[in-house]
Amino acid sequence: MSQSPPSPEPPLPSVSDLSEQQVRGTACVYCGVCLDNGTAVDLGQQRAGRADRVQWWFPRACRLPHP
């Protein structure tokens, strides 16, 4: 019996819409639940900002399905 691949996460929300904890990766970017290293799913390094000011952030999500 084969397993189906994990469903992709929805698009990331805008950094300006997130709390400081969500931007820092200590809370899920989708639902805001607190995360730790055992519960977090790393969503990879992301670039944010305008051409004159670039910032990198490292979003993480919980393991719950997100709409």
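Just so it is clear, the model here is predicted, and its values are computed rather than measured. Numbers given for residues are sequential positions, taken from 1 along each chain in its written order. For this predicted model, a pLDDT threshold of at least 70 governs which residues receive local features, and a threshold of 80 or more governs which side-chain atom pairs are given and counted, while totals over whole chains, interfaces and linings are taken from all residues. Side-chain measures were taken over the full set of non-hydrogen atoms in the model, leaving aside hydrogen atoms and water.

1. Quick word on the overall build of the protein chain
Step number 1: Scanning the protein chain from N- to C-terminus turns up one helix and four strands.
Step number 2: Every helix listed is a DSSP run of H or I at least four residues long, and every strand listed is a run of E at least two residues long, numbered separately from the N terminus. Secondary structure elements in the protein chain, listed N-terminal to C-terminal, are α-β-β-β-β.
Step number 3: Burial statistics for the protein chain: of 67 residues in total, 24% are counted as buried.
Step number 4: Long-range pairs, those at least 24 residues apart, make up 39% of the contacts in the protein chain between residues at least 6 apart in sequence.
Step number 5: Note that accessible areas follow from Shrake-Rupley with a 1.4 Å probe, and for residues the cover is restricted to the protein chains shown. Split by element, the accessible area of the protein chain, about 5,200 Å² in all, is 52% carbon and sulfur. Throughout this description, buried means an accessible area under 20% of the type-specific maximum (1.4 Å probe, protein chains only), exposed means over 50%, and partly exposed covers the range between. Whether two residues are in contact is decided by their heavy atoms: any pair within 4.5 Å suffices.

2. Here's the deal with the state of the cysteines
Step number 1: Only a pair of cysteine sulfur atoms within 2.5 Å qualifies as a disulfide here. Counted according to the given criterion, the structure contains zero disulfides.
Step number 2: Free of any disulfide, Cys 28 has its nearest cysteine sulfur in Cys 31, 3.7 Å distant.
Step number 3: Cys 31 provides the cysteine sulfur closest to Cys 62, a residue in no disulfide bond, and the two sulfurs are 3.6 Å apart.

3. Regarding the environment of Ser 14
Step number 1: Within the secondary structure, Ser 14 sits in the segment before helix H1 (20-24).
Step number 2: The partly exposed category is assigned to Ser 14, whose relative accessible area is 38%.
Step number 3: With 34 residues separating them in the primary sequence, Ser 14 and Ala 48 have C-alpha atoms 8.5 Å apart.
Step number 4: N or O atoms within 3.5 Å of each other form a polar contact, as long as, within protein, one can give a hydrogen and the other can take it, and as long as residues adjacent in sequence are counted only when both atoms are side-chain atoms. A polar contact of 2.9 Å, which involves the side chain of Ser 14, links it to the side chain of Ser 16.

4. Notes on the side chain of Gln 22
Step number 1: Mapped onto the elements of the fold, Gln 22 is located in helix H1.
Step number 2: Assessed through its relative accessible area of 10%, Gln 22 is described here as buried.
Step number 3: Polar side-chain contacts of Gln 22 include one of 2.9 Å to the backbone nitrogen of Ser 19.
Step number 4: Ignoring anything within four residues of it in the chain, the contact list for Gln 22 reads Ala 27, Cys 28, Val 29, Tyr 30, Gly 32 and Trp 57.

5. Some thoughts on the confidence of the model for the protein chain
Close inspection of predicted coordinates is inappropriate for parts of the model with low pLDDT.
Step number 1: Of the residues in the protein chain, 87% reach a pLDDT of 70 or more, and the chain-wide mean stands at 85.
Step number 2: Confidence per residue, as judged by the predictor, is encoded in pLDDT with a range of 0 to 100. Ranking the elements of the protein chain by mean pLDDT puts strand E2 (residues 46-50) last with 83 and strand E4 (residues 60-61) first with 96.
Step number 3: Here residues 1-5 is modelled with pLDDT under 50, and outside its nearest four sequence neighbours on either side it reaches zero contacts, counting other chains as well.

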